[in-house]
Amino acid sequence: NPNEKIVVLSQLVTAGILSAAALLWLKPIMVPLVMAILLSYILAPLVDGLILKVKLPKTIAILSALLITLLLLLITGSMISSSIQTLSNNADEYQDQIQKLIDNSISGLNNRGMNISEEVIATHLNDIPVASLLSQLSTTVLDMLSQSFLILIFVIYLLQGRDPSI
């Protein structure tokens, strides 16, 4: 019956639109939940090893795994922070090196018969939205840090509900 096909198709389209709207509305919960699921899959072998091989109670094994993860994140964060600090301290030197590369490239292209002015290159380099990219990156990192408590709660529940013998 053609009317039934139209009704089924309409219901599928409506269900798709409502599902997309629900996911968009639940984004503040779904993103931390997905991150927690990924983190729980990463931490599960460590928790299982602590329970089965070291014979720790489940709660202590989960807290130990979370502490190890926190230490690794802090070490990684300090390494990234020191790299950014070094980059900002040497920014003038890097800028001079980039200017030398641009000058050499322009002179090399001009020697091959291509007439390119430095102003054209500077215009195109200024069109790169570095500030907005860094702003978006910092906003994303701050959002993740603000959601870390929710992620932590989800990870604890997901790891607590696992059976380590499987």
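Look a little higher up for the structure.
So, how was this worked out
Residues numbered from 1 in each chain as written. Predicted model: local features only at pLDDT ≥ 70, side-chain atom pairs only at ≥ 80, totals over all residues. Heavy atoms only, no water. Helix = DSSP H or I, 4+ residues; strand = E, 2+ residues; numbered from the N terminus. Rg over C-alpha atoms; globule rule 2.2 N^0.38 Å. Areas by Shrake-Rupley, 256 points an atom, 1.4 Å probe, with all protein chains shown as cover. Lys, Arg positive; Asp, Glu negative; His and termini not counted. Charge placed at Lys NZ, Arg CZ, Asp CG, Glu CD. Axes fitted to C-alpha atoms, helices over the stretch in contact; angles between N-to-C directions. Parallel < 35°, antiparallel > 145°, perpendicular 65-115°, else oblique. Contact = heavy atoms within 4.5 Å. Nonpolar A, V, L, I, M, F, W, Y, C, P; charged D, E, K, R; others polar. Buried < 20%, exposed > 50% of the residue type's maximum accessible area, 1.4 Å probe, protein only. Expected span 1.5 Å × (residues − 1). Bend = angle between axes of the 7 residues up to and from the residue. Patch = residues over 30% accessible without salt bridge, like charges linked within 9 Å, V, L, I, M, F, W, Y side chains within 5 Å. Salt bridge = Lys/Arg side-chain N within 4 Å of Asp/Glu carboxyl O. Left-handed = near helix turned anticlockwise from the far one by under 90°.

### Digging into the overall build of the chain
Item 1. When helices and strands are tallied, the chain shows seven helices and zero strands.
Item 2. Since a compact globule built from 166 residues should have a radius of gyration of about 15 Å, the 26 Å found for the chain marks it as more spread out than a globular shape.
Item 3. In terms of its C-alpha atoms, the chain occupies a principal-axis envelope of roughly 70 × 65 × 30 Å.
Item 4. Total accessible area on the chain is roughly 12900 Å²; 70% of this is exposed by carbon and sulfur atoms.
Item 5. Treating the 8 positive side-chain charges of the chain as one cloud and the 11 negative ones as another, the clouds have centres 21 Å apart.

### Some details on the packing of helix H1 (residues 2-25) against helix H2 (residues 27-52)
Item 1. Two elements in contact, H1 and H2, have axes whose closest approach is 5 Å; the angle formed by their N-to-C orientations is 80 degrees. With respect to H2, the element H1 is oriented roughly perpendicular. Here Leu23, Leu24 and Trp25 of H1 lie close against H2, whose contacting residues are Lys27, Pro28 and Met30.
Item 2. Here the contact of H1 with H2 is built from residues that sort into five nonpolar, no polar and one charged.

### Quick look at the environment of Leu26
Item 1. Structurally, Leu26 is set in the loop between H1 and H2.
Item 2. Judged by relative accessible area, Leu26 falls into the partly exposed class, the value being 32%.
Item 3. Taking the C-alpha atoms as reference, Leu26 lies 25 Å from Leu9; in sequence the two are 17 residues apart.

### With respect to H2
Item 1. Spanning 26 residues, H2 covers 36 Å between terminal C-alpha atoms, matching the ideal 38 Å at 1.5 Å per step.
Item 2. Taken as a whole, H2 carries its principal kink of about 40 degrees at Leu43; the proline Pro45 stands between one and four residues after it.
Item 3. In this structure, the buried residues of H2 make contact with helix H3 (58-89) and helix H7 (148-160).

### What about the side chain of Asp48?
Item 1. Looking at the element boundaries, Asp48 is found in helix H2.
Item 2. Beyond its immediate chain neighbours, meaning those up to four positions away, Asp48 contacts Lys53, Arg162 and Pro164.

### Considerations on a nonpolar patch on the surface
Item 1. Taken together, the side chains of Leu23, Trp25, Leu26 and Met30 make up a nonpolar region of the molecular surface, amounting to roughly 430 Å² of accessible area.
Item 2. Tracing the chain through its elements places Leu23 in helix H1.
Item 3. On the accessibility criterion, Leu23 (51% relative accessible area) is exposed.

### Quick look at the packing of H3 against H7
Item 1. The interhelical angle for the contact between H3 and H7, taken along N-to-C directions, is 140 degrees, at an axis separation of 10 Å. On the basis of their axis angle, the class for H3 and H7 is oblique. You can see that H3 and H7 cross each other, and the crossing is right-handed. Facing Lys58, Thr59, Ile62 and Leu66 of H3, the residues of H7 in contact are Leu152, Val155, Ile156, Leu159 and Gln160.

### A closer look at unusual backbone geometry
Item 1. Positive phi is not limited to glycine here, since Lys55 has a value of about 65 degrees.
Item 2. Within the secondary structure layout, Lys55 lies in the loop between H2 and H3.

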